[in-house]
Amino acid sequence: MLHSLILDMGNVLLRYDPEHFLDRLDIRDPQNRALLLREIFHSPIWPRLDSGELTESDLEKHALARLPERLHAAARTLIFHWDEPIAPIPGMAGFLSDCKAAGLGLYLLSNASLRQPEYWPRVPGSGLFDGTVVSAFCRRVKPEREIYLHTLEKFRLQPEECLFVDDMPANVRASEGVGIHGFVFAGDVPALRRRVEELGVCL
């Protein structure tokens, strides 16, 4: 019987799409877009934010040293304010509310930087969650086996009573490796709802 949902954040609860962030800043020139993507979101620094080794200030210093001055303001916005405004995944907040009403526990398991607590309250449905595990704070990242075990231990969850939802197949496979049910989310909330119901919960 399913007792708890463990959910990723990016592209599950909110839209995380660097190309979309560039569009919001109206950066159209292909060269400028490529430079910003390379030095920020595709930088070797970015994964180290998720691991908690470095901060956005470290990324800013790294990126500005490699970008032309005309892109500095855009770079700072992308580094420190990509989450403004939050773009929620349509239908997800209502789904979470239904799950909570059905008695399911809700937990976050996300690869994210130390900034995550700043914008988490602005994510629709975040107030329904019973707990969070953020990679930068526990110094483990998905799909490392240890972060799933840490989540189960922290919240005293039984793996066979949990469903893990993530947009990355590798992360879902890793959760299944420790006995958690997995679901690869591609934006289809009705399909996720059906999966929860297949596991014995009436929504």
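Residues numbered from 1 in each chain as written. Predicted model: local features only at pLDDT ≥ 70, side-chain atom pairs only at ≥ 80, totals over all residues. Heavy atoms only, no water.

## So, helix 11 (residues 189–198)
Along helix 11, the residues classified as buried are Val-189, Ala-191, Leu-192 and Val-196. Looking down the long axis of helix 11, one finds its buried residues gathered within 160° of arc, a one-sided arrangement. Close packing links the buried residues of helix 11 with strand 1 (4–7), helix 6 (92–101), strand 4 (162–166) and strand 5 (181–184). Measuring from the backbone nitrogen of Ala-191 back to the side-chain oxygen at the start of helix 11 gives 3.0 Å, which picks out Asp-188 as the cap. (Buried < 20%, exposed > 50% of the residue type's maximum accessible area, 1.4 Å probe, protein only. Helix = DSSP H or I, 4+ residues; strand = E, 2+ residues; numbered from the N terminus. Arc of directions from axis to C-beta. Contact = heavy atoms within 4.5 Å. Polar contact = N/O pair within 3.5 Å; in protein donor to acceptor, adjacent residues only side chain to side chain.)

## Considering the nonpolar core
Counting residues in hydrophobic clusters, the biggest one holds 54 residues, and the most contacted among them are Leu-5, Leu-13, Leu-36, Ile-40 and Met-92. With five residues, helix 2 (residues 30–41) is the largest single contributor of residues to this core. Once residues within four sequence positions are removed from consideration, Leu-36 is found in contact with Leu-22, Ile-27, Phe-41, Leu-67, Leu-71, Ala-74, Ala-75 and Leu-78. Tyr-107, Val-133, Ile-147 and Leu-157 belong to the second-largest nonpolar core, a separate cluster that totals 16 residues. (Core = buried A, V, L, I, M, F, W, Y, C linked by side-chain atoms within 4.5 Å.)

## Concerning the pairing of strand 2 (residues 105–110)
Taking burial as the measure, the six residues of strand 2 include six buried ones, the bulk of the element. Bridge count for strand 1 against strand 2 is four bridges, and the pairing is parallel. Each residue of the ladder has a partner; that of Leu-5, found in strand 2, is Leu-106. Looking at chain direction, strand 2 and strand 3 (residues 131–134) are connected through four bridges and run parallel. In the strand pairing of strand 3, Tyr-107 is matched with Gly-131. (Pairing = 2+ DSSP bridges.)

## Concerning the sheet that holds strand 5
Pairing in this open sheet of five strands is parallel, and the strands run 3-2-1-4-5 from one edge to the other. The open sheet has two edge strands with one neighbour each: strand 3 and strand 5. Geometrically, the sheet is characterised by an average inter-axis angle of 20° between neighbouring strands, direction not taken into account. In terms of strand pairing, strand 4 meets strand 5 through four bridges, oriented parallel. Of the residues in strand 5, the one forming a bridge with Leu-163 is His-181. (Axes fitted to C-alpha atoms, helices over the stretch in contact; angles between N-to-C directions.)

## Notes on helix 2
With twelve residues, helix 2 should reach 16 Å at 1.5 Å per residue; the first-to-last C-alpha distance of 16 Å fits that figure. If you check which residues of helix 2 are buried, you get Asn-32, Arg-33, Leu-35, Leu-36, Leu-37, Glu-39, Ile-40 and Phe-41. In this structure, the buried side of helix 2 is in contact with helix 1 (18–24), helix 3 (46–50), helix 4 (56–64) and helix 5 (72–81). The backbone nitrogen of Gln-31 has a side-chain oxygen 3.0 Å away, supplied by the residue at the start of helix 2, namely Asp-29. (Expected span 1.5 Å × (residues − 1).)

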